[in-house]
Structures are given as structure tokens and as C-alpha cells.
Amino acid sequence: MIERLTGGRLASGVFRSGNEVHRPRSDFAASVLTLLESRGFRGAPRFLRRTGETDVLSFVPGHVPPRFRPWSDAQVGAAALLLREMHDATRGSDLAGRFDVVCHHDPGPNNAVFQHDVPVAFIDFDEAAPGSHLEDVGYLAWTWSISSRQAMPLDHQARQVRLIADAYGLDVSERHALVDCVLERQSRNVRFWTSRAAPADRIEWSRREHAFVHLHRDVFDRELA
Ligand SMILES: Nc1ncnc2c1ncn2[C@@H]1O[C@H](COP(=O)(O)OP(=O)(O)O)[C@@H](O)[C@H]1O
Ligand SMILES: [Mg+2]
């Protein structure tokens, strides 16, 4: 049985057939998944084969959360560690080019598969590209632990961002740069969704999140110092 997989934010034409996922061909994503497997990283789908313009990947069993919400320290720490392991598996590769790693570029909870309530894999490597690891860490900090709605209080958010820095293993100078990376990533989101003529509320949301971090950056910076 073929089942259309939705829940993503881009209309991508992703289908499930048994243990396989069929998605539109992406040369770079296929190469990254092949590299990750060859370097022993288990937290991503495996690239199985290409049929015409369709890439066939393994289906990762588990739960993919449909929306952003507060996560526990253990969940956030596991996500940061998973990102670190993914980056390490790409370091120094041809695919990373002149950058330090291959970035996922969209490692939010909506692109993570949870098993027993713990994130164990990232999916959706369509945006993957060479980059600086801090771009991904900034995006992960934003999407897992920061929210202008403050469902989790600000000081708790800041503490979780430090926990991400700890779990990922950022050094002192990287911690100083992290809030700027969050802000840059949020600005980039505004540009991205604007260029795709996304609904106004999505663009507004990215703007609001950016304004929130900008206003409270001292709280985050203090925690990361
Ligand atoms: N390899 C996979 N293993 C398990 N679930 C997947 C896999 N690929 C996609 N999915 C599911 O399909 C949904 C949409 O796929 P995704 O790759 O995130 O595309 P997009 O976000 O562009 O719509 C995901 O939210 C997830 O539920
Ligand atoms: Mg997705």
C-alpha cells in the first residue's frame, strides 16, 4: 500500500510503501545519506536506490511530532548529541567542501523521529548543504528550546540552550557566537519564507521569534557565558 506522508511544511510529494519512503530525487541528499551510512551514523534514513526521478529511502519507525512545543531536557540533549554525531560523520568529507561539516539546515523536532520519546534520527535532508556546524546548532536551539510564546519560561529556555551547547560540545568562543547564529538563522527563515511567498503568518512568526531573541539576548548570553 502506498501512503502519502504529510506533516511537513513543504509540499514535497513524499510517500511510504512498507519499509520504504519514496521522495523526489535529490542528488546531494542521496550522497549525504550514503556518506552517513558509510561512516556508521545510524540516525538517518538509508539511501536504498533511485528509480527514475524518485529516491527510495528506508522508513525510520517511530513518531515525528507534527508541531513545535516544549521538550524535556533529556529530549533536547539527545537531539543536540544526534546533531553532533551527524556533523562528525561528515567532517572532512568531499561533500563538506571548504566548510567544516555538512549541515542538515532544518533539524527541528518536525524532522526528527522519536522512539520511546527520544529523538533517534533526523529525516528530510533536502536542505542539506555544506556549512558551519553553528548554523545547525543555532537552528536546533531555536526550534527545540526557544519560543516567543513562552510556553516554557524564558530562563528555562536559556538553560536549555546552554544544555544544547553542553551536549553538542561547543567551546567558549562558539558559545559566545551562538545567539548571533540563532538570530541569523531566524532572519534567514524570514527571507526564505518571503522568497517562497509563504502565508503571512509564517513570515510573521519568524519575525516575532527573531524580535524575541533580540530583546532577550542578554538572558541567553549570560547563561551561555
Ligand atoms: N525516512 C522516513 N522515515 C520515517 N518517516 C518519514 C521519513 N521520511 C518522511 N517521513 C514522514 O513524512 C513526513 C514528511 O516528510 P519530510 O521529509 O519531512 O518532507 P517535508 O517536510 O518536505 O514535507 C515527515 O514529517 C515524516 O512524518
Ligand atoms: Mg520535514
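The structure displayed is predicted, hence computed values, not measured ones.

Peer 1: With reference to specific residues and values, describe the coordination of the magnesium ion (ligand 2).
Peer 2: Protein ligation of the magnesium ion (ligand 2) involves Asn111 (OD1) and Asp124 (OD), the donor distances falling in the range 2.1 to 2.3 Å. Note that Asn111 is positioned in the loop between β6 (101-103) and β7 (112-115) and Asp124 in the loop between β8 (118-122) and β9 (129-131), a separation of 13 residues in sequence. Judged by its relative accessible area of 5%, Asn111 is buried.

Peer 1: Give a description of the domain arrangement of the protein that names residues and reports values.
Peer 2: For the protein, the assigned domains read domain 1 (2-58) and domain 2 (73-224). A C-alpha centroid distance of 22 Å is found between domain 1 and domain 2. Contact residues are listed per partner, giving 16 residues for domain 1 and 28 residues for domain 2. Regarding the contact of domain 1 and domain 2, the summed buried area is about 1,800 Å², with carbon and sulfur atoms giving 65% of it. Across the salt bridge formed by Asp124 and Arg23, the nearest N and O atoms sit 3.4 Å from each other. Inspection of the domain 1/domain 2 interface yields five residue pairs in polar contact (both at pLDDT 80 or more). With seven residues, the top contributor of residues to the side of domain 1 that touches domain 2 is helix α1 (residues 27-38). Considered class by class, the residues forming the side of domain 1 that touches domain 2 number ten nonpolar, three polar and three charged.

Thresholds, definitions, all that
- Residues numbered from 1 in each chain as written.
- Chains lettered and ligands numbered in written order.
- Predicted model: local features only at pLDDT ≥ 70, side-chain atom pairs only at ≥ 80, totals over all residues.
- Heavy atoms only, no water.
- Donors = N, O, S within 2.8 Å, 3.2 Å for Na, K, Ca; no water.
- Helix = DSSP H or I, 4+ residues; strand = E, 2+ residues; numbered from the N terminus.
- Buried < 20%, exposed > 50% of the residue type's maximum accessible area, 1.4 Å probe, protein only.
- Domains from an automatic or database assignment.
- Contact = heavy atoms within 4.5 Å.
- Buried area = accessible area lost by both parts, 1.4 Å probe.
- Salt bridge = Lys/Arg side-chain N within 4 Å of Asp/Glu carboxyl O.
- Polar contact = N/O pair within 3.5 Å; in protein donor to acceptor, adjacent residues only side chain to side chain.
- Nonpolar A, V, L, I, M, F, W, Y, C, P; charged D, E, K, R; others polar.

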